[in-house]
Amino acid sequence: MPLALLALAVGAFGIGTTEFVMMGLLPDVAGDLHVSLPTAGHLVSAYALGVVIGAPLLAALTARLPRRRVLISLMALFVAGNALSALAPGYDSLLAARFLSGLPHGAFFGVGAVVATDLVAPERKARSVSLMFMGLTVANIAGVPVATLTGQHLGWRATFLGVSLIGVAAMAAVFLLIRPAHTPAPATGLRGELTALRSLPVWLALGTTVVGFGALFSAYSYITPMLTASAGYTQGSVTLLLALFGVGATIGNLVGGRLADHAMRATLFGGLVAMVAVLLLFPVLMRAEWSAALAVVLLGFAAFVTGSPLQLMVMERAAAGPSLASSANQAAFNLANAGGAWIGGVALAAGFGVTSPALAGAALAVLGLGVASVAYAVDRRRAVPTAHERVIASHVPADLVRSS
């Protein structure tokens, strides 16, 4: 795998850190800015809203620019947003800065995934995407806990200054490790990108992302009360357990990338089935500390096995103009975050028990399997082979093809 993928992973690490660290810093931010905890929670929503709006918007605005320049510009916007967060004089300005920080998130992952696949042979595309995504999963192991501890001891502003420095490092890595010759300006432009986005298979793939990852966030959004109220962990142990989620997500991401290069759709279906099984077992696994820790690892693994296949599926079905669709898939991940959390909250508020969000997530994963099955049926009817199928077919001997 080319070293240039490291530059994309560094950017993903910074983005993953700033996305999730606010959840651990909410009490500190609320106390410092003299707002309630629910009001401070809007800072999480502002970031997610920035991702949903910024992903397709910035991808469209930069459709004709060389992708290396786009990646550097997006990280510059990321640095600015986090620096402004650190310097925000009050709640309203911090809310605006968090929205600004979220704008480049989806476009960076979307354009970065296209660049990653362009750097490798066709049979290694899913692995290249998974290596970029590894920056995001490792952020849950190291970036978020360290940033949270930094904020608790040095103040939350120090955390966002540190994240800004990670963004500067990512800009330097992209500049030094990704050659301009590997990231020319797309030939299709905005019109080609929009045309590719009109495809039904693209929207079915995006729908699979929304519903499938909605299953994850239905449970993960309420993982803390499950671990404390059901499994019996103390509040102070939750940070370590969330790092275990990152371990499972990192392993699942790497395994999913490798498997998807051999059988992309089978990997996707397998990951969704694993999600259903893990989430259905949550009420049982959350009865003891050891099994609850195992459940957290399994949840991360099962969810992120599907990450690379979903990203690559969207890109392949928008092959004529993949940047906008790839970025839209990142917006779909954040819609899954918001929608999954809402559905899990509905189950919790209805009085079905502290582990009920996991069961709601299992239902969403089943629905995701349904959407993925419809997408498969549409592809079969259109009889359009994926890039992976074309690669496999190219290695089949001609006499075997004739005999079949």
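Just so we're clear, the structure is a prediction, and the values are computed from it rather than from any experiment. (Residues numbered from 1 in each chain as written. Predicted model: local features only at pLDDT ≥ 70, side-chain atom pairs only at ≥ 80, totals over all residues. Heavy atoms only, no water.)

*Asks:* What am I meant to see in the overall build of the protein here?
*Replies:* Per the secondary structure count, the protein includes 17 helices and 0 strands. Taken against the 2.2 N^0.38 rule, which gives 22 Å for 404 residues, the C-alpha radius of gyration of the protein at 21 Å falls within 12% of a compact globule. Overall size of the protein, expressed as C-alpha extent along the three principal axes, is 70 × 45 × 35 Å. Of the roughly 16300 Å² of accessible surface on the protein, a fraction of 71% belongs to carbon and sulfur atoms. Of the side chains in the protein, 21 bear a positive and 13 a negative charge, and the two mean positions are spaced by 9 Å. (Helix = DSSP H or I, 4+ residues; strand = E, 2+ residues; numbered from the N terminus. Rg over C-alpha atoms; globule rule 2.2 N^0.38 Å. Areas by Shrake-Rupley, 256 points an atom, 1.4 Å probe, with all protein chains shown as cover. Lys, Arg positive; Asp, Glu negative; His and termini not counted. Charge placed at Lys NZ, Arg CZ, Asp CG, Glu CD.)

*Asks:* Is there a simple way to explain the pattern of salt bridges in this structure?
*Replies:* Where charged atoms of side chains with opposite charge meet at close range, the side chains can pair. One pass over the full model with this rule turns up 5 salt bridges. A salt bridge links Arg-157 to Asp-32, with the shortest nitrogen-to-oxygen separation between them at 4.0 Å. Of the two residues, Arg-157 sits in helix α6 (residues 156-177) while Asp-32 sits in helix α1 (residues 4-33), which places them 125 residues apart along the sequence. Asp-379 is the salt-bridge partner of Arg-265, the closest N and O atoms lying 2.7 Å from each other. In this pair, Arg-265 is assigned in helix α11 (residues 264-285) and Asp-379 in helix α15 (residues 356-382), connecting sequence segments 114 residues apart. (Salt bridge = Lys/Arg side-chain N within 4 Å of Asp/Glu carboxyl O.)

*Asks:* Can you walk me through the environment of Leu-177 in this structure?
*Replies:* Turning to its location among the elements, Leu-177 is positioned in helix α6. Separated by 174 residues in the primary sequence, Leu-177 and Leu-3 place their C-alpha atoms 6.8 Å from one another. Residues in contact with Leu-177, not counting those within four places in the same chain, are Leu-3, Ala-4, Leu-6 and Ala-7. (Contact = heavy atoms within 4.5 Å.)

*Asks:* Sorry, what's going on with helix α12 (residues 289-305) here?
*Replies:* Residues spaced three or four apart along an α-helix point in a common direction, a consequence of the helix completing one turn every 3.6 residues. Helix length check: α12, at 17 residues, gives a terminal C-alpha distance of 25 Å against a target of 24 Å (1.5 Å per residue), a fit within 8%. Taken together, the buried positions of α12 are Ser-291, Ala-292, Ala-293, Ala-295, Val-296, Leu-299, Gly-300, Ala-302, Ala-303, Phe-304 and Val-305. Where α12 is buried, its residues contact α5 (125-154), α8 (200-220), α9 (223-230), α10 (238-260), α11 and α13 (307-317). (Expected span 1.5 Å × (residues − 1). Buried < 20%, exposed > 50% of the residue type's maximum accessible area, 1.4 Å probe, protein only.)

*Asks:* How should the environment of Trp-156 be read in this particular structure?
*Replies:* Looking at where Trp-156 falls in the secondary structure, it is placed in helix α6. The spatial distance from the C-alpha of Trp-156 to the C-alpha of Val-29 is 6.7 Å, given a sequence separation of 127 residues. Not counting residues up to four positions away in its chain, the partners in contact with Trp-156 are Leu-25, Asp-28, Val-29, Asp-32, Leu-33, Ser-85, Leu-94 and Gly-151. Reaching out from Trp-156, the side chain makes a polar contact with the side chain of Asp-32 at a distance of 3.0 Å. (Polar contact = N/O pair within 3.5 Å; in protein donor to acceptor, adjacent residues only side chain to side chain.)

*Asks:* Looking at this structure, how should I read the packing of helix α14 (residues 322-349) against α15?
*Replies:* Each packed pair of helices is defined by two parameters, the angle between the axes and the distance between the axes. Put simply, α14 and α15 touch, their axes get as near as 8 Å, and they point 130° apart. By the angle between their axes, α14 is oblique relative to α15. Considering how the two elements wind past one another, α14 and α15 form a crossing that is right-handed. Here Gly-340, Ile-343, Gly-344, Ala-347 and Leu-348 of α14 lie close against α15, whose contacting residues are Ser-356, Pro-357, Ala-360 and Leu-364. Tallied by class, residues from the contact of α14 with α15 come to 6 nonpolar, 3 polar and no charged. (Axes fitted to C-alpha atoms, helices over the stretch in contact; angles between N-to-C directions. Parallel < 35°, antiparallel > 145°, perpendicular 65-115°, else oblique. Left-handed = near helix turned anticlockwise from the far one by under 90°. Nonpolar A, V, L, I, M, F, W, Y, C, P; charged D, E, K, R; others polar.)

*Asks:* Just checking my understanding: could you explain the packing of α8 against α13 for this structure?
*Replies:* Contact geometry of α8 with α13 gives a least axis separation of 8 Å together with a crossing angle of 160°. Put simply, α8 runs roughly antiparallel to α13. The two elements α8 and α13 meet at a crossing, and its hand is left-handed. In this structure, α8 uses Pro-201, Val-202, Ala-205, Leu-206, Thr-208, Thr-209 and Phe-213 to contact α13, whose residues at the interface are Gly-307, Leu-310, Met-313, Val-314 and Arg-317. In terms of residue class, the contact of α8 with α13 is made up of 8 nonpolar, 3 polar and 1 charged.

*Asks:* I would appreciate a short explanation of unusual backbone geometry in the present structure.
*Replies:* Phi is mostly negative for residues that are not glycine, and the peptide bonds are mostly trans. Look at His-34: it is not a glycine, yet its phi comes out positive at around 60°. Counting through the fold element by element, His-34 comes out in the loop between α1 and α2 (37-61). Classification of His-34 by relative accessible area gives exposed; the value is 72%.

*Asks:* Which parts of the structure should I look at to understand the packing of aromatic side chains?
*Replies:* For any two aromatic rings, the description comes down to two numbers: the centre-to-centre distance and the angle of the planes. Under the defined criterion, the tally for this structure stands at 7 aromatic pairs. Considering the side-chain rings of Trp-156 and Phe-160, the 6.2 Å spacing of their centres and the 75° angle between planes classify their relative orientation as edge-to-face. Of this pair, Trp-156 and Phe-160 are both found in helix α6, 4 residues apart, which corresponds to roughly one turn of the helix. Taken as a pair, Trp-156 and Phe-160 share a single burial class, namely buried. When the ring of Phe-213 is compared with that of Phe-304, the centres are 5.8 Å apart and the planes differ by 90°; the resulting orientation is edge-to-face. One end of the pair, Phe-213, is in helix α8; the other, Phe-304, is in helix α12, and 91 residues separate them in sequence. For the pair shown, Phe-213 and Phe-304 are each scored as buried. Grouping aromatic residues by their ring pairs yields a cluster made of Phe-213, Tyr-220, Phe-245, Phe-304 and Phe-333. (Phe/Tyr/Trp six-rings, centres within 6.5 Å; stacked < 30°, edge-to-face > 60°.)

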